[in-house]
Every structure is written in C-alpha cells, then in structure tokens.
Amino acid sequence: MSWQPELDELQRRRALAHEMGGADKVKRQHDAGRLTVRERIGKLVDDASFQEVGSISGIGEYDGAGKFETMTPANCVFGRGKVSGRPVVVVGDDFTVRGGSADASISAKPLMAEEMAAEYRLPIVRIIEGSGGGGSVKTIETKGASNLPGGIGGTRAYLLMTDNLSQVPVVGLGLGSVAGLGAARLASTHYSVMTRSSAMFVAGPPVVNRLGHNLTKEELGGSEIQTRSGAIDTAVDTEEEAFECVRRFLSYLPPSVHELPPVAACEDDPERGDEFLLSVIPRNRRQIYKMRPIVESVVDKGTFFEMGRNFGRSIIAGLARVQGVPVLVLASDPYHYGGSWNAETCQKVVRFVDLATTFHLPVVYLMDCPGFLIGLDAEKTATIRHGVRAMAAINQSTVPWCTIIVRNAFGVAAVAHQPGGRLSMRYAWVSAYWGSLPLEGGIEAAYRAEIEAAPDPKAKLQEIETRLNALRSPFRSAEKFWVEEIIDPRKTRSLLCDFARLAAPVLTPGKVSFKIRP
C-alpha cells in the first residue's frame, strides 16, 4: 500500500493554488506592470528559502458525490523566508483573487502571520495590494449579513497589527491600489514603501467622488500625496527597488527587541576627516548649505539610508553605520524653514526617536535648529504641543545619544537636542551659535527703551549688537563649561566612531517601557 494517490492530490491542489486567480487575471496583473504575489515573494526572499504556510487553503468546489473538482485559493499567501540570510515572515495579498478583498480571504492567515512574527521574534514584511483582506460591499451578499468591524476575532487582528511594532521590525510594501484595512496595515509599520504607480487611501475615488470630489487615484492618494503627508516613507519606480529598500532597512535592525542590532565589519578609516567640512558652513548666517553631504561624510561610507524624506523636511532622518555600529541619524536641513521645527518635523522626530529606543539604536544628531517655527501657521498646527511631545520622546529615550551642534541652537526647540537627566555626548563646531533667541530681532525687544531714547537709534542698535556679539562666542560658553567641547569639524567622524565604540557595549536588549505607536 502507498500514499502516493494522496500525494498526487496534494500536488494537484498546490498547482491549482499557484494558478492564483487564473491565467487571465495574472495576465491583467502583468499588463498593468505589476508582479503577482508569488513573484513578489520570490524576488524579495533569498532563493529557495520560502516555506509557505496554508499553501492549499481556499474555497473548494465538489460535485454531487462530494468529489473535489477545483478550488479558488485564498487571496493571502504567507510563510517564512530569508532576507539576506536572516529569517523573516512574509505575508502578501493576491490581487488576482477578488482584488485582495475579504470575499476571498481567510482571516486566520494574516492573523497567523502576525502571531508567528511575535512568537518567534521575526521581522514581518507585509506585501499589500487592494483592501488587504478588508471589506467589500459584496461581503454582505456572500456572507448573508453585514460585518461589524472588529467583531469576534477581529479586534485581535488589529491588536497584533499594531502590537508587533513594539516587538519586531515591521515593513509594509504598497504595490498597487491600497485601501481601507490595507492602508491601515501599510501605515502601521516602522518603514513603508510604495511604487510611484501605486496609490493608497482610506477609501478610493468611487467612494470619495460621491462626496463631490472628482479625483483620480493619483490625485487622491498617489506617492506624492502620501510621502508628503508622512503616511509613506519612500516612493520608488519599480517593485525591485522596493524589495531592495526592504533589504537595506532590515540590515540595520535586530530580528526583535530581544536582540541587539547587527554590527558589521567596517573598512572605512575612523580617522577620516574630509577637508570640505572646514568650510561647508557659510560665515554669513543667512546663507544655507547642504546637510546631506555632511551626513555622508561622517558616517561609514555608503551606509546612510534616509527615510521619510518628503515629510517634516527640516529634519533629515535615517539609519547609518558608524564604525559598523547601526545608528539613527537626525540632521537639520536649513533648506526648509532654516532648520526650524514645525509640527510635521516634531511628529517625525517622535517617530524616529521611538524607533531608535525600541530597537536599541544609538542616536547621532547633527544640529542646526534656530527654534520652533513661528507665525500664524505654526500656531494653527499646534507646533508647540507637537514640540513638547518631541521633547518628551527624547527625554524618554534610553539609548546613548551624541549631538554635534553644527550652527544654530536657539529657543525651546534647542532644549530638545539631547535627553535630559542623563549623560550624553555633545560637541560644537567652531561655527556654532546659540542662545535663548537669536540676536536678530531679540535686541529690538530687549533694549527697546534704550534704542528709542538714543539720538541715533540705528547707531545704538549697532552698538548693542556689536557688544553682544562679542559675548556670544562659543568659546565663552566653553569657559563656563556650558558646552563640553568645541571641535574642528574634520574631527567629527573620529569622535562619532569613538562614541559608537562606547555605546555598543552598554546597549541592552529587551522590551522598552512603552509601546511604540504607528
């Protein structure tokens, strides 16, 4: 006796599952310039490393005698694979089967993917297209009743979707039109990528247009909209680029909070000091300069991986390595509001500082912040409330922190350049300039009576400004030990490498005291 007939049946059912929604639906997917879910998983993970779970799940069709005829596979494919040799959980929507909607889904599959990531402490990558297993109005007819969102079992799915953020790296890929629950799954990540031909929205144009807004998918939720809103971190041209972004992001992080970030070999000279750093900051304080070349110069060559570039643009944020140690880099960008923090910038700081704290990444902050943004728009967007939230996130962080004051450090926002109440490293370039508020504008307010009473108010203003400029020298602050060390900009990398060597042994794995939010 042999079990070969059953093995043949198993193979037949697997072959049907691999046909997905059928040849015509697969062709439609390819004609639209998109890969199928199985092709996507194959290109993301290492060759032959994917082990599928629930490979023959779906809706079977049987004849009158109860004999199996065919099946419609579930529109969720998930399992374990390896990315750059490291195990991950991958879960993907199959748009060729009912557009990825709930009508063809088995809710236990994406739920188990999240459970597996949590239980085995593995990163999870969500490949999302369509509603991501979310609702469809046809569900009312197919199920015979209207679903109550978050009903029995539903709340657990939503809980795990966000709870995993405090346990394992979570990555989302938006590769098509993403709506409803799919949009929530994509936004509930540490890092999200979408292709520029994709779109994401709470509800798509057919629903929104009923409100009187005649919008295309791109106008409503295209990559330009979503990266500027901060809902998506990165937009790329191709799906292959999206997969490469996933590989790079995960390479900086531990598999879970219970381990430390992986330290890589570093061949970049820790004493390298690029000459352009000596003159990169203009003497004219009204002139701007490019911060990204400075970041690239002081971290290990080729390791800076920026995220969220189009949102909160007065802060540059990303991952990098310093002598092989993964770090979070924050850097001011004077091209946007002169480096001032607006409400969006503060939100960005909170998110990335929490990421660093959750996954034990030391923080490097290259600072040029003239304060919180001022004016009517700043007040309307509650900049100060978002600002104190950013300050709280920095103060609650537990990882080593090193700040390089490149130029400006003014006002309440300047307080948020390092955690309060504990030791952190701090250095100032010779171009640094700080105070409660800039002299420009502040003199007129503080010395108004004296200036107005002078025979020549303009000359008096200049006299006061000259006197105060002599006192604001960073060397005077260093005399009082109000700043620990003033440095040659070319020594920055050497000092950061020293910081990384000191920081690495004191990093402690484990869960932090708070649960990070999306």
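Calculation criteria
- Residues numbered from 1 in each chain as written.
- Predicted model: local features only at pLDDT ≥ 70, side-chain atom pairs only at ≥ 80, totals over all residues.
- Heavy atoms only, no water.
- Helix = DSSP H or I, 4+ residues; strand = E, 2+ residues; numbered from the N terminus.
- Buried < 20%, exposed > 50% of the residue type's maximum accessible area, 1.4 Å probe, protein only.
- Contact = heavy atoms within 4.5 Å.
- Areas by Shrake-Rupley, 256 points an atom, 1.4 Å probe, with all protein chains shown as cover.
- Lys, Arg positive; Asp, Glu negative; His and termini not counted.
- Charge placed at Lys NZ, Arg CZ, Asp CG, Glu CD.
- Core = buried A, V, L, I, M, F, W, Y, C linked by side-chain atoms within 4.5 Å.
- Pairing = 2+ DSSP bridges.
- Salt bridge = Lys/Arg side-chain N within 4 Å of Asp/Glu carboxyl O.
- Expected span 1.5 Å × (residues − 1).

A.B. asks: What exactly am I supposed to notice about the overall build of the protein chain here?
C.D. replies: Helices and strands together make up the secondary structure of the protein chain, namely 21 helices and 18 strands. In terms of principal-axis extent, the alpha carbons of the protein chain reach across some 105 × 55 × 40 Å. Looking at the 518 residues of the protein chain, the share that counts as buried comes to 50%. Looking at the protein chain alone, contacts between residues at least 24 apart form 72% of all its contacts between residues at least 6 apart. With the model as given, the accessible surface of the protein chain reaches about 24,700 Å², and the carbon-plus-sulfur share is 55%. On the protein chain, the mean spot of the 60 positive side-chain charges and the mean spot of the 59 negative ones are 3 Å from each other.

A.B. asks: Would you mind going over the nonpolar core with me for this structure?
C.D. replies: Proteins that are soluble and globular tend to have nonpolar side chains buried together. If you look at the biggest cluster of nonpolar residues, it comprises 66 residues, and the most contacted ones within it are L44, L173, F249, L330 and W341. Per-element accounting of this core gives the leading share, seven residues, to helix α13 (residues 343–358). Those residues in contact with L44, other than ones at most four positions away along the chain, are V83, V90, V125, I127, F243, V246 and R247. With 31 residues, the next largest nonpolar core counts V295, F304, A320 and L366 among its residues.

A.B. asks: Looking at this structure, I do not really get the pairing of strand β15 (residues 401–410). What am I missing?
C.D. replies: Along a regular strand, successive side chains alternate from one face of the sheet to the other. For β15, a buried count of ten out of ten residues is recorded, marking the element as mostly surrounded by other parts of the structure. One ladder, built from six bridges, connects strand β14 (residues 363–369) with β15; its direction is parallel. Note that in β15 the partner of Y365 across the bridge is T403. Looking at chain direction, β15 and strand β16 (residues 425–429) are connected through four bridges and run parallel. Its bridge partner lying in β16, I404 is registered against Y427.

A.B. asks: Quick question: what am I supposed to make of the pairing of β16 here?
C.D. replies: Most of β16 is tucked away, with four of its five residues classed as buried. Relative to strand β18 (residues 486–487), β16 runs parallel, the two being bridged by two bridges. Bridge pairing in β18 places A428 opposite I486.

A.B. asks: Quick question: what am I supposed to make of the pattern of salt bridges here?
C.D. replies: Side-chain pairs of opposite charge can arise whenever the charged atoms involved come near each other. Following the criterion strictly, the structure yields 30 salt bridges and no others. Here E244 ties to R247 by a salt bridge, and the two come within 3.1 Å at their closest N and O atoms. With E244 and R247 both in helix α11 (residues 239–251) and three residues apart, this pair spans about one turn of that helix. We classify E244 as partly exposed; its relative accessible area is 39%. Here R490 ties to D488 by a salt bridge, and the two come within 2.8 Å at their closest N and O atoms. Assessed through its relative accessible area of 26%, R490 is described here as partly exposed. Through salt bridges with shared partners, one network takes in D268, R272, D274, D300 and R493.

A.B. asks: In this structure, what is going on with α13? I would like to understand it.
C.D. replies: In an α-helix, one full turn covers 3.6 residues, which means residues spaced three or four apart are oriented alike. Between its first and last C-alpha atoms α13 spans 23 Å; for 16 residues at 1.5 Å apiece the expected length is 22 Å, and the two agree. One or two steps after α13, the chain reaches H360, where phi turns positive at roughly 65 degrees.

A.B. asks: Would you explain helix α21 (residues 492–503) in this entry?
C.D. replies: Its twelve residues place the ends of α21 16 Å apart at the C-alpha level, agreeing with the 16 Å of an ideal helix rising 1.5 Å per residue. In terms of burial, α21 is a largely internal element, nine of the twelve residues being buried. Looking at α21, one finds that the buried residues are T492, R493, S494, L495, L496, C497, F499, A500 and A503.

A.B. asks: Explanation requested: the environment of A187 in the structure shown.
C.D. replies: Within the secondary structure layout, A187 lies in helix α7 (residues 181–187). As a C-alpha pair, A187 and D233 span 46 residues in sequence and 9.4 Å in three-dimensional space. Sequence-distant contacts of A187, defined by excluding residues within four places in its chain, comprise A231 and P518.

A.B. asks: Sorry if this is basic, but what is going on with the environment of F50 here?
C.D. replies: Among the secondary structure elements, F50 is positioned in the loop between α3 (37–44) and β1 (51–53). For the pair F50 and L496, spaced 446 residues apart in the sequence, the C-alpha separation amounts to 39 Å. Not counting residues up to four positions away in its chain, the partners in contact with F50 are I41, V45, V77, F78, G79, R80, G81 and V90.

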